Amino acid sequence: MTSNIASATAALITEGDRWYGFLQQRFEEAGRMPKYHRMLGETYGRFVVHAERGYDADALDYLDWMRTEAEAFADHPDFPGRDSAQDRPGEHA
């Protein structure tokens, strides 16, 4: 990540990092097949590239995929979705 990206983009990437890290740990704990790790890695990579280039709508699509996958682990105490929606980039009204 470049050091001169906009703060909104940095916040978006930070949010993606949280969901990616959470999912990566849960997939490992659940013994998910490598296919899921590859899909997660590809999704996260595309998320970061789109966010860094300012394609926020596309980046949010990839972030939504991670959020949807994470719902399977919504009862986990580290679930990132417990934060208020106002803290999530792209979800402001």
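What you are looking at is a predicted structure, and each value in this text was computed from that prediction instead of being measured.

Calculation notes
Residues numbered from 1 in each chain as written. Predicted model: local features only at pLDDT ≥ 70, side-chain atom pairs only at ≥ 80, totals over all residues. Heavy atoms only, no water. Helix = DSSP H or I, 4+ residues; strand = E, 2+ residues; numbered from the N terminus. Buried < 20%, exposed > 50% of the residue type's maximum accessible area, 1.4 Å probe, protein only. Contact = heavy atoms within 4.5 Å. Axes fitted to C-alpha atoms, helices over the stretch in contact; angles between N-to-C directions. Parallel < 35°, antiparallel > 145°, perpendicular 65-115°, else oblique. Left-handed = near helix turned anticlockwise from the far one by under 90°. Nonpolar A, V, L, I, M, F, W, Y, C, P; charged D, E, K, R; others polar. Salt bridge = Lys/Arg side-chain N within 4 Å of Asp/Glu carboxyl O. Core = buried A, V, L, I, M, F, W, Y, C linked by side-chain atoms within 4.5 Å. pLDDT = per-residue confidence, 0-100. Expected span 1.5 Å × (residues − 1). Arc of directions from axis to C-beta.

### Some points on the side chain of T9
With respect to the secondary-structure elements, T9 resides in helix α1 (residues 7-30). By relative accessible area, T9 is classed as buried at 12%. Every residue in contact with T9, bar those within four places of it in the chain, is listed here: A51 and E52.

### A short note on the packing of α1 against helix α3 (residues 56-70)
Remark: α1 packs on α3, axes separated minimally by 10 Å, with the N-to-C direction vectors making an angle of 30 degrees. Classified by the angle between their axes, α1 and α3 sit roughly parallel to one another. By crossing handedness, the relation of α1 to α3 is classed as left-handed. Counting all contacts with α1, which are made through L12, E15, G16, W19, Y20, F22, L23 and F27, the residues of α3 involved are D56, A59, L60, L63, M66, R67, E69 and A70. Residue composition of the contact of α1 with α3, grouped by class: eleven nonpolar, one polar and four charged.

### Focus on the pattern of salt bridges
Side-chain pairs of opposite charge can arise whenever the charged atoms involved come near each other. Taken as a whole and assessed by the stated rule, the structure comprises five salt bridges. With a closest N to O distance of 3.8 Å, R38 and E42 form a salt bridge. Of this pair, R38 and E42 both sit in helix α2 (residues 34-52), four residues apart, which is roughly one turn of the helix. Residues participating in the shared-partner salt-bridge network are E15, R18, D64 and R67.

### Regarding the nonpolar core
Here is a general trend for soluble globular proteins: nonpolar side chains tend to be buried in one another's company. Membership of the largest hydrophobic core comes to 18 residues, with the highest contact counts inside it found for L12, W19, L23, F47, L63, M66 and A70. Counting residues per element, the ones that place at least two in this core are α1, α2 and α3. A total of six residues in this core trace back to one element, the largest contributor, which is α1.

### Here's the deal with the confidence of the model for the protein chain
Averaged over every residue, the pLDDT of the protein chain is 83; the share at 70 or more is 80%. In this model, residues 84-93 is a region of pLDDT below 50 whose contacts with residues beyond four sequence positions or in other chains number 14 contacts.

### Observations concerning α3
Helix length check: α3 (15 residues) gives 21 Å between terminal C-alpha atoms against 21 Å at 1.5 Å per residue, within 8%. Residues of α3 that are buried include every one of A59, L60, L63, M66, R67 and A70, and no others. All buried residues of α3 lie within an arc of 115 degrees about the axis, which places them on one face of the element. Pointing more than 90 degrees away from the buried face of α3 are the exposed residues A57, D61 and T68.

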